[in-house]
Amino acid sequence: IVAMQHLIAREQLLLHERHDFLQRSHDTFTSILRSYSTTTEFESPEPDIEQLTDLRAVRRRLEELAMSAHTEVLSFSPSAYNPTATRDASRPLDMAMLDRGVRMQTLYLDTLAFEPAGLEYALSLVEAGAEVRLVPALPMRLILVDGETAIVPRDPDDDTAGALIVPHSGLVTALCALFISYWKQGRPLTTDGDSDSPARTADRAVLRLLATGAKDEAIARQLGMSVRTVRRIVADIMVRAEVDSRFALGAYATAHNWI
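This is a predicted model, so every value here is computed, not measured.

> Which residues make up the confidence of the model for the chain, and what are the values?
Mean pLDDT over the chain works out to 79, with 74% of the residues at or above the 70 mark. Confidence over residues 39–45 falls short of pLDDT 50; this stretch has eight contacts with residues more than four positions distant or in other chains. Confidence over residues 193–199 falls short of pLDDT 50; this stretch has 13 contacts with residues more than four positions distant or in other chains.

> Please provide a residue-by-residue account of the side chain of Asp203, values included.
Following the sequence through the fold, Asp203 ends up in helix 6 (residues 201–211). Residue classification places Asp203 among the buried positions, given a relative accessible area of 10%. In this structure the side chain of Asp203 is engaged in a polar contact, spanning 2.4 Å, whose partner is the side chain of Arg240. Beyond its immediate sequence surroundings of up to four residues, Asp203 is in contact with Ile233, Ile237 and Arg240.

> Describe in detail the pairing of strand 2 (residues 72–77), supporting the description with residues and values.
In terms of burial, strand 2 is a largely internal element, six of the six residues being buried. Residues of strand 2 alternate between two faces, with Glu72, Leu74 and Phe76 on one and Val73, Ser75 and Ser77 on the opposite face, all of them buried. Sheet topology note: the strand 2/strand 3 (residues 103–109) ladder contains six bridges and is parallel. By the bridge assignment for strand 3, Ser75 is matched with Thr106. In this sheet, strand 5 (residues 142–145) lies alongside strand 2 in antiparallel orientation, the contact comprising four bridges.

> Describe unusual backbone geometry, naming the residues involved and giving the relevant values.
As a rule of thumb, non-glycine residues mostly have phi less than zero, and peptide bonds are mostly trans rather than cis. Residue Asp146 is not a glycine yet carries a positive backbone phi of 55 degrees. Position of Asp146 among the secondary structure elements: in the loop between strand 5 and strand 6 (149–155). In this model, Glu242 sits at a positive phi of 60 degrees, which is unusual for a non-glycine residue. With respect to the helices and strands, Glu242 occurs in the loop between helix 8 (227–241) and helix 9 (246–255).

> Can you break down the packing of helix 7 (residues 216–223) against helix 8 residue by residue, with the values?
The interhelical angle for the contact between helix 7 and helix 8, taken along N-to-C directions, is 105 degrees, at an axis separation of 8 Å. The angle between helix 7 and helix 8 falls in the class roughly perpendicular. Side by side, helix 7 and helix 8 meet where Asp216, Glu217, Ile219 and Ala220 of the first sit next to Val227, Val230 and Arg231 of the second.

> Summarise the nonpolar core; cite the residues concerned and give the values.
Formed by 26 residues in total, the largest nonpolar core has its most connected members in Met97, Tyr108, Leu112 and Leu189. Breaking this core down by element, the ones donating at least two residues are helix 2 (55–68), helix 3 (84–99), strand 3, helix 4 (116–127), strand 4 (131–135) and strand 7 (158–166). Counting residues per element, this core draws most heavily on helix 4, at six residues. Within the second largest apolar cluster, 22 residues are counted, among which are Phe76, Ala150, Leu164 and Leu171.

Criteria and cut-off values
Residues numbered from 1 in each chain as written. Predicted model: local features only at pLDDT ≥ 70, side-chain atom pairs only at ≥ 80, totals over all residues. Heavy atoms only, no water. pLDDT = per-residue confidence, 0-100. Contact = heavy atoms within 4.5 Å. Helix = DSSP H or I, 4+ residues; strand = E, 2+ residues; numbered from the N terminus. Buried < 20%, exposed > 50% of the residue type's maximum accessible area, 1.4 Å probe, protein only. Polar contact = N/O pair within 3.5 Å; in protein donor to acceptor, adjacent residues only side chain to side chain. Pairing = 2+ DSSP bridges. Axes fitted to C-alpha atoms, helices over the stretch in contact; angles between N-to-C directions. Parallel < 35°, antiparallel > 145°, perpendicular 65-115°, else oblique. Core = buried A, V, L, I, M, F, W, Y, C linked by side-chain atoms within 4.5 Å.

In structure tokens:
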């Protein structure tokens, strides 16, 4: 039992360190993006940066960049939800890139399990050859094309405010490094029936937050569900793990690589 307590304590420390790293990254890049989005087109620190305020113009530019991609498209997708029309428009572009041999790596949140349409779309990407991973948090929406162009929101807190198209620069290099850091923290989304199955994604999201010491109320707020749902998920996991306490559940989850 003592050894298991040490193991759980070590895992909790690692989770806290990852959370702190992700939060620092979020704060740093949010500050950078705000400095860009608050300048006028005449004051832009880099004249080549495109500032698009019209969402239709943003979509057209994204289509152009998708069709011109040669090697890879990397992206953060904090929300898997998109209107049906937008998703239907994106699907042929994404599939065409994969058919051309363009590598696609996309990061979604653990809460993907609670967005059925988004989960279905992510799984279709995986089946077509894309790589998808899940993380507990993402700093903003981001798309990186061929390591040379970045598409970021003008306002990290408001996707409807338009986008910045950033050409190859120090900022793009930094954003690529940020993506790699988050990618390394992610867990693959798979289409088979193993322990990483999408059906267990919701369970893992709850378990990861439990491991940080979060209370049921805090988990419910972060995952956008009711406290009753959180408790039901925990109870269901305990039944499957055949344990009768949350401490025992933590030990079991750690031993079986559930978190």
